[in-house]
Amino acid sequence: MLSACLTFVVVVVGAYVRLSDAGLGCPDWPLCYGQPLPADIADADALAKAWKEMGHRYLAAALGLLILLLAFVAWRKRQAPWLATAIAALVVIQATLGKWTVTMLLKPAIVTAHLLGGMAILALLVWMALSQSQFQYSKQGREVRVPAVLALAVLAIQIALGGWVSANYAGLACLDLPLCQGRWLPMDALTAIHWSHRVFAVVVLVVVGWTAIKTMKIFPRLGGAIALLLLLQLALGVANVAFSLPLALAAAHNAGAALLLAALVVLNFFAFRGLRP
């Protein structure tokens, strides 16, 4: 669970770095201007961005070492060793994507893949933490298998769309609500990117909301948590548009997506294992 919590922090800090335009705060990798710590940078803004970028890198490095240790312990104790190995392999891929994010100058496809990699690591660590805990058997959980899978799938798509919006700097492409530049069907590339994320949010609201209602009949607290996180995400999304994407709200929107993802992973775990909290 410690690894999952640290992954959440790394994901949110990564979003903060990206949203504060510090993704290229260090033009080289893994060092920063050829040094392990930013130094000798005269421009104060450039220095601040460099510290943000290196802070994220060191957090990610600490997480990587923790996950490698987790994989070692998992094999020693024979507790989900293959899952732990898969997570460790994903960390290596994630580190490569982090490097490419810098060397390819924030190419949108790489930035989005890097975000999805972080979210995938979080989801797998939550699943692994649950698999090593004891719960009560319950056939009822299996009744929400289909809604749970659908909710997780549509949320994953929405996270990818959100990453694509952020990577293309399309967060401010539509500044009005509920229309986009006064139209229902925006035409240029940036508004189309933003609009796709906004329209699919309606799909997420319907599917995840339906899942939360069904879950509350079996697991009241878990269903309530999913519903609350869903409404919070919707409110944050609207607030980001209404207030022109302030950094704090934009980072909170990323954090909310990660928390909702974790909650749906928990639901899928109980549904497919036939367990209850």
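See the structure shown above.
> Please provide a residue-by-residue account of the overall build of the chain, values included.
Scanning the chain for helices and strands turns up eight helices and two strands. Along the chain, from the amino end to the carboxyl end, the secondary structure elements read α-α-α-α-β-α-α-α-α-β. Over its C-alpha atoms the chain spans a radius of gyration of 20 Å, differing by no more than 12% from the 19 Å that the globule rule assigns to 277 residues. Over its C-alpha atoms, taken along the principal directions, the chain stretches across nearly 60 × 55 × 25 Å. Counting every atom, the chain has about 13800 Å² of accessible surface; 73% of that belongs to carbon and sulfur. When the 19 positive and 9 negative side-chain charges of the chain are each reduced to one mean point, those points stand 23 Å apart.

> If you had to explain a nonpolar patch on the surface to someone new, which residues and values would you point to?
On the surface, Leu177, Leu205, Leu231, Leu234 and Val238 cluster together into a nonpolar patch covering about 400 Å² of accessible area. The element that contributes the greatest number of residues to the nonpolar patch is helix α7 (residues 220-242), accounting for three residues. Tracing the chain through its elements places Leu231 in helix α7.

> Lay out the layout of surface pockets in plain terms, naming residues and giving numbers.
Of the pockets and cavities examined, the largest pocket occupies roughly 1100 Å³. Lining the largest pocket are 43 residues, with Gln158, His197, Gly237, Asn240 and His253 positioned closest to its centre. Listing elements by their share of the lining of the largest pocket, those giving two or more residues are α1 (2-19), α4 (108-131), α5 (145-167), α6 (189-216), α7 and α8 (247-273). Ranked by residues supplied to the lining of the largest pocket, first place goes to α6 with nine residues. In the lining of the largest pocket, the residues fall into 29 nonpolar, 12 polar and two charged.

How each quantity is defined
Residues numbered from 1 in each chain as written. Predicted model: local features only at pLDDT ≥ 70, side-chain atom pairs only at ≥ 80, totals over all residues. Heavy atoms only, no water. Helix = DSSP H or I, 4+ residues; strand = E, 2+ residues; numbered from the N terminus. Rg over C-alpha atoms; globule rule 2.2 N^0.38 Å. Areas by Shrake-Rupley, 256 points an atom, 1.4 Å probe, with all protein chains shown as cover. Lys, Arg positive; Asp, Glu negative; His and termini not counted. Charge placed at Lys NZ, Arg CZ, Asp CG, Glu CD. Patch = residues over 30% accessible without salt bridge, like charges linked within 9 Å, V, L, I, M, F, W, Y side chains within 5 Å. Salt bridge = Lys/Arg side-chain N within 4 Å of Asp/Glu carboxyl O. 1 Å grid on protein atoms, 1.4 Å probe; cavity = no way out; pocket = protein on both sides within 12 Å on 5 of 7 lines; lining within 4 Å. Points joined across faces, edges and corners; volume = space filled by probe spheres on them. Nonpolar A, V, L, I, M, F, W, Y, C, P; charged D, E, K, R; others polar.

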